[in-house]
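Commentary on secondary and tertiary structure
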There are 2 protein chains.
Amino acid sequence: MFKSFTLIVRCVNRHNVYEHVRFASQALPQFSSEKYNVKRKPFNTVEIVDVNYFKSILSEDRVLTEESDVQPYNIDWIKNCRGQSKVVLKPKCTEEVSNILKYSNEKRLAICPQGGNTGLVGGSVPVFDEIVLNFVLMNKIISLDEISGALICEAGCILENLDNYVRERNLIMPLDLGAKGTCHIGGNASTNAGGLRLLRYGNLHGSILGIEAVKADGTVIDCLRAMKKDNTGYHLKHLFIGSEGTLGVVTKVAIHCPVLPKAVTVGFFGVKNFENILQLYKSAKSSLGEILSAFEMADFHSIISTVKNLKLPNPISAYPFYVLIETHGSDENHDAEKLNNFLSKEMESGLIIDGTVTSEPAKMQDAYKLVYLFLHDFRHDTLFFKYSNTLCPGHLTEIFPRVVSSGDGNIHINVTVPQYTKQVASLLEPYIFEEVSKLNGSISAEHGIGFRKPHYIHYSKDPSALQLMKDLKQLMDPNGILNPYKVLPEQ
Amino acid sequence: MFKSFTLIVRCVNRHNVYEHVRFASQALPQFSSEKYNVKRKPFNTVEIVDVNYFKSILSEDRVLTEESDVQPYNIDWIKNCRGQSKVVLKPKCTEEVSNILKYSNEKRLAICPQGGNTGLVGGSVPVFDEIVLNFVLMNKIISLDEISGALICEAGCILENLDNYVRERNLIMPLDLGAKGTCHIGGNASTNAGGLRLLRYGNLHGSILGIEAVKADGTVIDCLRAMKKDNTGYHLKHLFIGSEGTLGVVTKVAIHCPVLPKAVTVGFFGVKNFENILQLYKSAKSSLGEILSAFEMADFHSIISTVKNLKLPNPISAYPFYVLIETHGSDENHDAEKLNNFLSKEMESGLIIDGTVTSEPAKMQDAYKLVYLFLHDFRHDTLFFKYSNTLCPGHLTEIFPRVVSSGDGNIHINVTVPQYTKQVASLLEPYIFEEVSKLNGSISAEHGIGFRKPHYIHYSKDPSALQLMKDLKQLMDPNGILNPYKVLPEQ
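Being a predicted model, the structure only gives us computed values, none of them experimental. Numbers given to residues run from 1 along each chain, matching the order in which its sequence is written. For naming, the first written chain is A and the first written ligand is 1, with later ones following in the order written. Restriction of local features to residues with pLDDT of at least 70 applies here, the model being predicted, together with a cutoff of 80 or more for giving and counting side-chain atom pairs; totals for whole chains, interfaces and linings are based on all residues. Only hydrogens and water are removed before side-chain values are computed, so all heavy atoms of the structure are retained for them.

1. Details of the confidence of the model for chain A
Interpretation of the predicted coordinates at a detailed level should be avoided for regions scoring low in pLDDT. Residues and elements named next belong to chain A. Scored by pLDDT, chain A has a mean of 81; 75% of the residues are at 70 or more. One confidence number per residue, pLDDT, is output by the predictor and ranges from 0 to 100. Contacts between residues were defined by any pair of non-hydrogen atoms, one from each residue, lying within 4.5 Å. Note that residues 374-387 has pLDDT below 50 and, in this model, 69 contacts with residues that lie over four places away or in other chains. pLDDT under 50 marks residues 396-404. Its contacts with residues more than four places away, or in other chains, come to 37 contacts. Across the predicted assembly, pTM comes out at 0.82 and ipTM at 0.81.

2. Considering the pairing of strand β5 (residues 141-145) of chain B
All names here are of chain B. Pairing between strands is defined by DSSP: at least two bridges between the two strands are required. In this description a helix means any DSSP run of H or I spanning at least four residues, a strand means any run of E spanning at least two, and both kinds are numbered starting from the N terminus. Here β5 runs beside strand β6 (residues 150-154); their pairing, made up of four bridges, is antiparallel. Residue Ser-143 lies in a different strand from β6, and its bridge partner there is Ile-152. Between β5 and β6, which pair antiparallel one after the other, the connecting turn spans four residues, and Gly-149 there sits at a positive phi close to 80 degrees.

3. Here's the deal with the sheet that holds strand β8 (residues 220-223) of chain B
Residues and elements named next belong to chain B. On the basis of which strands lie adjacent, the open sheet formed by five strands has the order β5-β6-β9-β7-β8 and antiparallel pairing. At either end of the open sheet lies a strand with only one pairing partner, and these are β5 and β8. Each adjacent strand pair in this sheet contributes to an overall mean axis angle of 10 degrees, direction not counted. Bridging between strand β7 (residues 208-214) and β8 involves four bridges; their strand directions are antiparallel. Paired with Ala-213 across the bridge in β8 is Ile-221. The axes used here are C-alpha line fits, helices contributing only the stretch in contact, and every angle between their N-to-C directions lies in the interval 0 to 180 degrees.

4. Here's the deal with the nonpolar core
Residues belong to a common nonpolar core when they are buried Ala, Val, Leu, Ile, Met, Phe, Trp, Tyr or Cys residues joined through side-chain atoms within 4.5 Å. Here the term buried applies to any residue with accessible area under 20% of the maximum for its type, exposed to any over 50%, and partly exposed to those in between, with areas from a 1.4 Å probe on protein chains only. With 140 residues, the main nonpolar core has Ile-185, Leu-236 and Leu-239 of chain A together with Ile-185, Leu-236 and Leu-239 of chain B as its most contacted residues. When neighbours within four sequence positions are excluded, Ile-185 of chain A is seen to be in contact with Cys-153, Glu-154, Ala-155, Cys-157, Leu-159, Leu-162, Met-173, Leu-175, Val-253 and Ile-255 of chain A.

5. Regarding the pattern of salt bridges
Each salt bridge in this description consists of a side-chain nitrogen of Lys or Arg and a carboxyl oxygen of Asp or Glu lying within 4 Å of one another. For the structure shown, the criterion picks out 32 salt bridges over all chains. A salt bridge links Glu-290 of chain A to Lys-338 of chain A; the nearest nitrogen and oxygen atoms lie 4.0 Å apart. In this pair, Glu-290 of chain A is assigned in the loop between α10 (274-288) and β11 (292-299) and Lys-338 of chain A in helix α12 (residues 332-349), connecting sequence segments 48 residues apart. Here Lys-180 of chain B ties to Asp-176 of chain B by a salt bridge, and the two come within 3.5 Å at their closest N and O atoms.

6. A look at the packing of α12 of chain A against helix α12 (residues 332-349) of chain B
At a closest axis distance of 11 Å, the pairing of α12 of chain A and α12 of chain B adopts a crossing angle of 180 degrees. Taken together, α12 of chain A and α12 of chain B sit at an angle that is classed as roughly antiparallel. Along the contact surface, α12 of chain A presents His-334, Glu-337 and Lys-338 of chain A, while α12 of chain B presents His-334, Glu-337 and Lys-338 of chain B. In the contact of α12 of chain A with α12 of chain B, the residues fall into no nonpolar, two polar and four charged. With respect to orientation, any angle under 35 degrees is reported as roughly parallel, any angle over 145 as roughly antiparallel, any angle of 65 to 115 as roughly perpendicular, and every other angle as oblique. Gly is put with the polar residues, along with every residue not named as nonpolar or charged; the nonpolar set is Ala, Val, Leu, Ile, Met, Phe, Trp, Tyr, Cys and Pro, and the charged set is Asp, Glu, Lys and Arg.

7. Some points on the sheet that holds strand β1 (residues 63-64) of chain A
Residue and element names in this part refer to chain A. Strand order in the open sheet made by the four strands is β1-β2-β4-β3, with mixed pairing throughout. Where the open sheet ends on each side, the last strands, each with one partner, are β1 and β3 (111-114). Relative to strand β4 (residues 131-134), strand β2 (residues 88-89) runs parallel, the two sharing two bridges. Bridge pairing in β4 links Leu-89 to Leu-133.

8. Remarks on the packing of aromatic side chains
How two aromatic rings sit relative to each other is set out by the distance from centre to centre and by the angle between their planes. Residues and elements named next belong to chain A. Pairing of aromatic rings covers Phe, Tyr and Trp, the last through its six-membered ring, and needs centres within 6.5 Å; plane angles under 30 degrees mean stacked, over 60 mean edge-to-face, and all others mean tilted. Taken as a whole and judged by the stated rule, the model has 16 aromatic pairs over all chains. Considering the side-chain rings of Phe-268 and Tyr-322, the 5.5 Å spacing of their centres and the 10 degrees angle between planes classify their relative orientation as stacked. Of the two residues, Phe-268 sits in strand β10 (residues 263-271) while Tyr-322 sits in strand β12 (residues 321-329), which places them 54 residues apart along the sequence. Exposure class is identical for Phe-268 and Tyr-322. Each is buried. Three or more aromatic residues joined by ring pairs make a cluster, and in this case those are Tyr-53, Phe-54 and Tyr-103. Sitting over the ring of Tyr-165, Arg-169 keeps its end group 3.8 Å from the ring centre. Sitting over a ring, as applied to charges here, requires NZ of Lys or CZ of Arg to be within 6 Å of the ring centre and within 35 degrees of the ring normal.

Rendered as structure tokens:
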């Protein structure tokens, strides 16, 4: 079975070229509760009286109860998970969110917060009949300080819309994801989304300046200050970054937007072996340090399959490994000079066998496609398992002989099989997570834990840390109404 | 009284030029409990039997009980606070810390964790007879991954030692502080120290990859993974970053070290007014984006006083404001060219009246001294109040007509008075904090809350956030033994 590991690519739709690539079968997925054999927790079920209450505090049109209206909110992006919610609520402001949660907490009604529903671990769809709290209507940009780069907006703003908005003001969002055309900034914050700009602009714990979130009991926690430095008391916002809506629901985000780079340059290099790639990474960090925005590697087989299947040109010959380096800088000539100097130096040293550097958008696109695009298998009726794990770069090939990976230690593994079976999953998942765990890696680099991984979290968290997680959950959501069945393993 | 506001400088001993500048009087400060009228909480007092227990788990020489031995650990760096501890413990490993805390928690003995004791808000010295838990002997570097830049070390490592260690391997620490020759990395983490490299390398919530900490009951929480991406469950490490030892004691830190910049360049410019400085900051972020490592401003009066009192040369003429820009980059020629182009462009636009750019270490030192050094007043027998606050850059001059400030929105305010009086403090502190609060600023940019500011924390945290802080404290340290009288205001 592990032959399918040859299909290992970074599952990112860079530049939205393959936005349409999803699981193609239109059949409804099996209910998650049946597929994964989950037992419903003793929450109350939503009654007419509850729906009427929600209609009274929102408006009729923002309370969906028709089965056909509700269905899309029950199914996740990769059509792996399917919940059984009967109600979708679309609040327009924090106060409405607060009222919904206060009521639901008192009535013991479970809630599934939902942003763009682009998650890959089933975190954003209900498992049973949780009320879907959808943020699509909380999409206002509140303020942008063009001098400091501090953007404040509501949780339901779509990442790409924010990026377009700040780009017009000479800034960019500090994160970029394949799903940017759909995902919400609140979801990005709740899942600590990493994505493509991490090497250059750091993670969301560093970029997010402030958070407004609502606790399970409806209390609004306002940590929305938009300053880079604020050292007053506990740094509460981090409780809501990456906790996937289980400790509170993010309603507003303040985030630091870096300056739009004036120049983007891409180098595409052939390399002899993995050891040389590690040396090259170290050298690139030293020679290109401040402009290095991406360092990605792919093996021969991945690239050749892409070249064949997508009929793309390979700008250089056949080599055992390929490295793509991207730079973001403020001076095109300086950046191209740095990258060309780097290429000359490392061709002389032998770390690079052959390579090319370009600032032409069309040529850059070709290089991106070679490294990032899905292979042909994803365009047909196959089902795929998606994993995102992290290892220290030096350990990357200890686990998988062939990978497409990046300078942040992230490996994305897609395994295709004709159809989902429990047997495949039960063989595959422990294998992957155990191997990653042995190398002290993380079983989730960026997709989070969600619904699909709680029973594997012990591979990445020690028992004391897990206990503290449970204590925090008990403290902040004692009735457990927020995104149940997710993140935390059952006792 | 507010005439003393003319003395407003960034209180940073850059390059250790003024390492010796401290409050010069050698008289012992008054006990903090008397000075600030604090009531002792009902902890038990340390008995012989407790001391003997500590001697049994550590060794005799690592349990200080002689008054003269203990005294230095009772007094803070600026000699403002003085505790009454009778015992100092110097553990050598996490297990010892765990045993000490477990025992102290059961016996209801209060603990004051202490790193390099360079804090400015009294957070690192006892108030009453708390046991001092000093980390000076936990100073081992555990590992450095030269490819990823991940450094793992014990909490008691001195920042400068770490910086020297990683510099030999072509890396730097992501933070730099005036106190770097004394402060501990564990203290930096616990206080979320900001410092001089924040504009370029971000804050510690972004740089710290992992934390090992011990809870009040002795439980070791291991979140020490050294990966840039780890999205498995709650991001617990952030609970210990910036909570000043009140939620747990940091014992080990994993931190990301950026590559050592190959070139450092400094520009020193004369500017007409504050509005132009804001425009210049925006322009610098755009033109110098990726290499900009510092942007500091000072007014005419500050610079002229420094020139006169320290007999330093001013490399340019007299102007209403001065701006110092520092760049860190990988190519000296490119950086100098960028900075010179910036200078030419902005002299043409009129934002800069006059300026100079240099990469010569001696000339750079002169420019640093002009902006960073203490004025003469601090070198004599005066007492000073130190404040570090943050405002969005656009608001900086709304509060103080004359400031030395920086691109991260941080303003440092030093007020000198002949001697401490409660009257001065009671006039000064509410004034400063209220003004900062009105502009939605933070009352502590980087020094933390510590002992001296809990009763002002409401200026920066709303009541729900404060309540959540209290809930977290109750959860993680139900007996309140960890660093009592600090951070959290009394009920």
